[in-house]
Amino acid sequence: MLDLSVIVNNFTFLVVQGLLGLGGFAGGTLRLALPAIGLGFLLGIFIGLARLTRMAWIRVPATLYVEFFRGVPLVMVIFWMWFIMPQLLRLPIPEYGVALTAFVIFEAAYFGEIVRAGIQSVPRGQVEAATGLGLSGAQAMAYVVLPQALRNMVPSIVTQMIVLFKDTSLASIIGYVDLTKAAQIVNNREIRPFELYLFIAVVYWIFTYSMSRAARRLEQRVAQA
Amino acid sequence: MAEPAIAFRLVNKFFGRLHVLKDIDLTVAPGEVVVVCGPSGSGKSTLIRCVNALERVQSGEIVVLGESVTSAGANLTRLRTQVGMVFQSFNLFPHMTALQNIMLAPLKVRRLARAEVEKTARALLERVGIPDKADNYPANLSGGQQQRVAIARALAMHPKIMLFDEPTSALDPEMINEVLEVMTDLARDGMTMMVVTHEMGFARRVARRIVFMDGGVVVEEAAPEAFFASPTSDRARQFLSKILSH
């Protein structure tokens, strides 16, 4: 029988520690996912723009970066950061720093491709009309191209955010106490895998479903404008 | 003779190995309306796109309003604020209303005060006959209305020269005249204009001169009456018989 008392008894640990990351441990799914999404997207904008520049010394490294990180597994990047970064930097790096760095570096490649595709989806005539009116390249980008590009990007960005949110569960493999790891820890003590993994599935689902709902509403709003 | 508004001097332009403009020598006087026509691929669009440096040329010189466009240090921003351009596919900014489309460049390039810019923009919409469409987005305007907004947008920078690149080619037949009327008014007001078009009625009524191009070369230059009555080149004769036969 389903015995939910294991959830109730460990609720603080699972939610406050595992999901939010507010406890004594340096963990938490949201504490990892939110900055990873923000920083990953920010770096992605720069990579997307770098992929489109005419300056080869910027474009070529950016292209290599994207092609490399899209071609290797995320778990491998996390292990890399875990084993190699402390050796290269000669200082110990906590799980949180390792996980965040790995996610930002990895996801920026995907966000960069979304930004590049979004910018390229804006017809050439838009830039010609803008520069023909005397706007500089940067002004044309800021007032004409990016607003249209961002609108086109919304569905892909949200999809990528959802993927990233779920992928944070991989941080548990280096001992980072996120929601998945918290459930694992409780399960090792209580041996209630069904209840525990069902519970965290529901929690993950509530977040991803709200994200896609919010995205749909956002799409409808920009479609009206 | 006064200094020409636009002067092409031995201009050559290549797209890769394709030689699209060959030794172009052409001047346009201030206040003159020149219609450029010719078969597709003859280089007529490329020709007028060189005037505001949307296309760069490989050799020769283009002087616009007394300043070289083709020299290395040319001030392109200044050039483009003095030369308005209207495109075949309108190229309105879809995320902005008609009014915002018109106001963007005066606000961001000229950095004029918003109230003044809005007043000018509304007056321009009045002038092109759609004052009630100020708050419409391009998607909610007909093709003819969009093109008139595009003309108003170009005029908002108070250009001295207007370039039209097949402004009516993408329009349904019943909307062509409303755009041509705006262009005719503009010509009557003394605007210097280069117009790439197949509207031979407009050319006959409004143009001071017809430039006929084929294969990247200016084949013939003549006043409209002379050009339509007795074209001197075979190629122009063939072209006219094709487009005027129906």
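For the structure, check the block above.
Overview of the structure. Everything numeric in this text was worked out from a predicted model, so none of it was measured. (Residues numbered from 1 in each chain as written. Chains lettered and ligands numbered in written order. Predicted model: local features only at pLDDT ≥ 70, side-chain atom pairs only at ≥ 80, totals over all residues. Heavy atoms only, no water.)

## Considering the overall build of chain A
Reasoning step 1: Helix and strand content of chain A: ten helices and zero strands.
Reasoning step 2: Shown N-terminal to C-terminal, the secondary structure of chain A runs as helices and strands in the order α-α-α-α-α-α-α-α-α-α.
Reasoning step 3: Expressed along its principal axes, the backbone C-alpha trace of chain A runs to roughly 70 × 50 × 25 Å.
Reasoning step 4: Taken over 225 residues, chain A has a buried fraction of 44%. (Helix = DSSP H or I, 4+ residues; strand = E, 2+ residues; numbered from the N terminus. Buried < 20%, exposed > 50% of the residue type's maximum accessible area, 1.4 Å probe, protein only.)

## Some points on the packing of aromatic side chains
Residue and element names in this part refer to chain A.
Reasoning step 1: Here the structure, examined in full by the defined rule, presents 14 aromatic pairs over all chains.
Reasoning step 2: Each ring, one from tyrosine 65 and one from phenylalanine 69, has its centre 4.9 Å from the other, and the planes form 55 degrees; the classification is tilted. Separated by four residues within a single helix, tyrosine 65 and phenylalanine 69 lie in helix α4 (residues 56-70), roughly one turn from each other.
Reasoning step 3: Classification of phenylalanine 69 by relative accessible area gives buried; the value is 10%. (Phe/Tyr/Trp six-rings, centres within 6.5 Å; stacked < 30°, edge-to-face > 60°.)

## Structural notes on the interface of chain A and chain B
Reasoning step 1: Contact residues are listed per partner, giving 18 residues for chain A and 23 residues for chain B.
Reasoning step 2: Together, the buried faces of chain A and chain B total about 1,700 Å²; carbon and sulfur atoms form 63% of this surface.
Reasoning step 3: When residues of chain A are sorted by the area they lose upon contact with chain B, Glu128, Leu133 and Tyr143 of chain A head the list and together hold 33% of the total.
Reasoning step 4: Connecting chain A to chain B are one salt bridge. (Contact = heavy atoms within 4.5 Å. Buried area = accessible area lost by both parts, 1.4 Å probe. Salt bridge = Lys/Arg side-chain N within 4 Å of Asp/Glu carboxyl O.)

## Quick look at the pattern of salt bridges
Reasoning step 1: Enumeration according to the criterion identifies 20 salt bridges over all chains in this entry.
Reasoning step 2: Glutamate 195 of chain A is paired through a salt bridge with arginine 192 of chain A; the nearest N and O atoms lie 3.0 Å apart.
Reasoning step 3: For glutamate 195 of chain A, a relative accessible area of 4% puts it in the buried group.
Reasoning step 4: In this structure, arginine 209 of chain B and glutamate 32 of chain B form a salt bridge, with 2.9 Å as the shortest nitrogen-oxygen distance. Here the residue arginine 209 of chain B occupies a position in strand β9 (residues 209-214), and glutamate 32 of chain B occupies one in the loop between β2 (18-28) and β3 (33-37), the gap between them amounting to 177 residues.
Reasoning step 5: Take arginine 209 of chain B: its relative accessible area is 15%, and that puts it in the buried class.
Reasoning step 6: Each of Arg124 and Glu128 of chain A together with Lys13, Arg49 and Glu55 of chain B takes part in salt bridges that share partners, so that together they form one network.

## What to know about the sheet that holds strand β6 (residues 83-86) of chain B
Residue and element names in this part refer to chain B.
Reasoning step 1: In spatial order, the strands read β6-β7-β8-β3-β9-β10; together these six strands make up an open sheet with mixed pairing. Every other strand in the sheet has two partners, leaving β6 and β10 (217-222) as the edge strands with one partner each. This sheet shows a mean twist of 20 degrees between the axes of neighbouring strands, independent of strand direction.
Reasoning step 2: By the bridge criterion, five bridges tie strand β7 (residues 161-165) to strand β8 (residues 192-196) in an arrangement that is parallel. (Pairing = 2+ DSSP bridges. Axes fitted to C-alpha atoms, helices over the stretch in contact; angles between N-to-C directions.)

## Regarding the sheet that holds strand β1 (residues 6-15) of chain B
Each strand in a sheet pairs with its neighbour through backbone hydrogen bonds, running either in the same direction (parallel) or in the opposite one (antiparallel).
Residue and element names in this part refer to chain B.
Reasoning step 1: Taken in spatial order, the four strands make up an open sheet running β2-β1-β4-β5, and their pairing is antiparallel. Of all the strands in the sheet, just β2 and β5 (67-68) have a single pairing partner and so form its edges.
Reasoning step 2: By the bridge criterion, five bridges tie β1 to strand β4 (residues 59-64) in an arrangement that is antiparallel. Considered in β4, the bridge of arginine 9 is made with glutamate 61.

## With respect to unusual backbone geometry
Reasoning step 1: A positive phi angle, near 55 degrees, is found at arginine 90 of chain A, a position not held by glycine.
Reasoning step 2: Mapped onto the elements, arginine 90 of chain A comes out in the loop between α5 (74-89) and α6 (95-120).
Reasoning step 3: Since its relative accessible area comes to 75%, arginine 90 of chain A is described here as exposed.
Reasoning step 4: Residue arginine 111 of chain B is not a glycine yet carries a positive backbone phi of 55 degrees.
Reasoning step 5: Tracing the backbone shows arginine 111 of chain B in the loop between α3 (98-108) and α4 (114-127).
Reasoning step 6: Relative accessible area serves as the criterion here: at 65%, arginine 111 of chain B is assigned to the exposed category.

## Observations concerning the pairing of β9 of chain B
All names here are of chain B.
Reasoning step 1: Extensive coverage of β9 is indicated by the burial of six of its six residues.
Reasoning step 2: Two strands pair when backbone bridges link them, and β3 and β9 are joined in this way by four bridges, in the parallel orientation. Residue valine 35 lies in a different strand from β9, and its bridge partner there is isoleucine 210.
Reasoning step 3: Sheet topology places β9 next to β10; five bridges connect them, and they run antiparallel. Note on β10: the bridge partner recorded for methionine 213 is valine 218.
Reasoning step 4: From the end of β9 to the start of β10, which pair antiparallel, there are two residues, and glycine 215 there has a positive phi angle of about 60 degrees.

## Topic: helix α7 (residues 124-132) of chain A
The α-helix advances 3.6 residues per turn, and as a result positions three or four apart in sequence lie on the same side.
Residue and element names in this part refer to chain A.
Reasoning step 1: With seven of its nine residues buried, α7 lies for the most part within the structure.
Reasoning step 2: Buried within α7 we find Gly125, Gln126, Glu128, Ala129, Ala130, Thr131 and Gly132.
Reasoning step 3: Glycine 134, located one to two residues past α7, shows a positive phi value of around 105 degrees.

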